[in-house]
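Results of the structural survey
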Amino acid sequence: MQLSLKEAWTRILDDVRKEVPEKDFKAWFEPAKPVALDGDRLVLGVPDEFAVQWNEAKHVGLVARHAERALGRPIAIVFRVDEERLARPQMDFFVAPPPSQAAVMAPNPSAQPLNERYTFENFVIGKSNELAAAAAHAVAEAPGKLYNPLFIYGATGLGKTHLMQAVGHIVQKRTPGLRVLYVGAEQFINEVIEGIHGRTMPELRRRYRTEVDLFLVDDVHFLEGKEATQEEFFHTFNTLYEAKKQIVLTSDRPPKEMPGLEARLVSRFEWGMVADVGQPDLEHRIAILRKKQEQDHLETTIPDEVLGFIAEHVQSNVRELEGCIIKLLLYASLRHREITIDLAREALADKIRPGQETQTSASRQLPSIDKVQDVVARRWGVTPEGLRSKARIKTLTVPRQIAMYLAREVLQMQLVEIGQAFGGRDHSTVIHSVDKVQRQLQRDRSFRERVESARQELYAP
Ligand code: ADP
Ligand code: MG
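Before going into details, it helps to say that this report is about the structure given with it. The shown structure was predicted, so the numbers you read here are calculated from the model rather than taken from an experiment. (Residues numbered from 1 in each chain as written. Chains lettered and ligands numbered in written order. Predicted model: local features only at pLDDT ≥ 70, side-chain atom pairs only at ≥ 80, totals over all residues. Heavy atoms only, no water.)

Right, let's get into the sheet that holds strand 3 (residues 76-81). Pairing between the strands of a sheet is mediated by backbone hydrogen bonds and can be parallel or antiparallel. What the 3 strands build is an open sheet, ordered 1-2-3; its pairing is mixed. Edge strands, defined here as strands with exactly one partner in the open sheet, are strand 1 (33-38) and strand 3. Between one strand axis and the next, the sheet turns through 25° on average, direction left out of account. Across 6 bridges, the pairing between strand 2 (residues 41-46) and strand 3 is parallel. Across the sheet, the residue bridging to valine 43 is valine 78, located in strand 3. Along the sheet, helix 4 (residues 60-71) contacts strand 1, strand 2 and strand 3; its crossing angle with strand 3, the most-contacted strand, is approximately 125°. (Pairing = 2+ DSSP bridges. Helix = DSSP H or I, 4+ residues; strand = E, 2+ residues; numbered from the N terminus. Axes fitted to C-alpha atoms, helices over the stretch in contact; angles between N-to-C directions. Contact = heavy atoms within 4.5 Å.)

With respect to spatial proximity, 18 residues lie near ligand 1, and among them Gly157, Lys160, Thr161, His162 and Glu322 are the closest. At a separation of 2.8 Å, a nitrogen atom of ligand 1 approaches a polar backbone atom of valine 124. Considering ligand 1 on its own, with 560 Å² of exposed area, one finds that the protein chains cover 94% of that surface. Mapped onto the shell around ligand 1, the elements with two or more residues apiece are helix 6 (160-174), helix 11 (282-295) and helix 13 (318-335). (Near = heavy atom within 4 Å. Polar contact = N/O pair within 3.5 Å; in protein donor to acceptor, adjacent residues only side chain to side chain. Areas by Shrake-Rupley, 256 points an atom, 1.4 Å probe, with all protein chains shown as cover.)

Let's shift gears to helix 5 (residues 130-141). Residues three or four positions apart in an α-helix share a direction because the helix packs 3.6 residues into each turn. Over its 12 residues, helix 5 extends 16 Å from the first C-alpha to the last, a length consistent with the 16 Å expected when each residue adds 1.5 Å. All buried positions along helix 5 are accounted for by Ala132, Ala133, Ala135, Ala136, Val139 and Ala140. Taken around the axis of helix 5, the buried residues stretch over an arc of 165°, which confines them to a single face. Considering only its buried residues, helix 5 is in contact with strand 4 (150-153), helix 6, strand 7 (246-251) and strand 8 (273-276). (Expected span 1.5 Å × (residues − 1). Buried < 20%, exposed > 50% of the residue type's maximum accessible area, 1.4 Å probe, protein only. Arc of directions from axis to C-beta.)

Looking now at the environment of isoleucine 393. Tracing the sequence through the fold places isoleucine 393 in the loop between helix 16 (384-388) and helix 17 (394-409). Taking the C-alpha atoms as reference, isoleucine 393 lies 9.3 Å from aspartate 40; in sequence the two are 353 residues apart.

A separate point is the packing of helix 5 against helix 6. The N-to-C vectors of helix 5 and helix 6 enclose an angle of 25°; their axes lie 9 Å apart at closest approach. It follows that helix 5 is roughly parallel to helix 6 by the angle criterion. Our pair here, helix 5 against helix 6, has a crossing hand that is right-handed. Judged by residue contacts, Ala132, Ala133, Ala136, His137, Val139, Ala140 and Glu141 of helix 5 engage Leu163, Val167, Ile170, Val171 and Arg174 from helix 6. (Parallel < 35°, antiparallel > 145°, perpendicular 65-115°, else oblique. Left-handed = near helix turned anticlockwise from the far one by under 90°.)

Dropping the structure here:
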């Protein structure tokens, strides 16, 4: 019997409900929406990135089990942020959504909406970002006049998108008729590809070259190696630049360090101002957390000493800091416990670094190959035995390649050893697998995040 996507999901939900506490069911399963069932993959949409991670870590196996029962074949479960809700800021999962400012203006059909929280008021300035913030502010006050383009670069989660959108907010507020076009470079790439295939390039060019006053392009490092798109981007850039329209770009690297980018683009990217954002220091991290506390009215829920504790232990980036608050709130609310340092230590065990004096990264214990297989299997909704088997169905090959990659990268195992741990495969298969994963890591951000979060779990106690 063929079940439709909806029927299958209803059946799975009924089963899951019998197995998990009602609270978990309401928090995690009810909000999920079945998006697609293609072959052996069931894609579920959830409200935000945090729910994706949480579900991947906790619920993939459970859902996969019931999906197999409902559909009569092994099913891989994929969680993904629900497209319709992408525009919503992450934290409003916990707080009442702000009154919507509907109908902003007839938008450019390519424009992605600005996140309402990404304003200058909400941006905490410190040493690591003061240059970028000052430049962004200046550009917002006098678009097209001072620095054009403004190029902001830095590692992930350090506020590039936030700053760029803050420029958009200011400009939009001051001159409501002004056309702000915010796009991710990935979207631009996709539109160019579609434009070429569908012969709609003239329309695309009109949209990008004439219907824009402020051009915000996020993550331009994705343009690397994409020649046709770079060509298109080059001409778009020139047209807007000549018309004195402000351009703001972000990237994970400075222009000079982008070998896959044509020289003429590199040099244009350097025409205006190139500013970096770095990692915030301890004081800055505390200030950022205080800001979130104030914004979300959490003063009475999360005591200051807990904020201090998080700021001290989570040093990598701001997104991670925010993730900790979300996780902590959730952890406390599911358990009806008050938020204290002890609770934070418990809830954030996988995110906080062990105290430097007790453990250095060198003495940190390496996980076992069994753990690698277990973690990957659970997160990709298959069994560890499946990973070790000879079966070559797609639902197994992808996680198997990832597990091999992690065995190589994290455990630094020999190729032959890895082959043996995965059902006696030969070393060339292992090389091919590791290679394939590496290539996908480079091009696919959500894949990268997923593998990264699996890697982190390997070190969790
Ligand atoms: P990037 O684009 O550099 O990867 P984002 O702009 O998406 O990073 O920032 C990640 C999260 O951290 C966002 O929720 C953003 O609001 C927040 N954030 C980053 N820097 C700051 C800051 N200086 N002050 C307040 N929030 C910040
Ligand atoms: Mg960004």
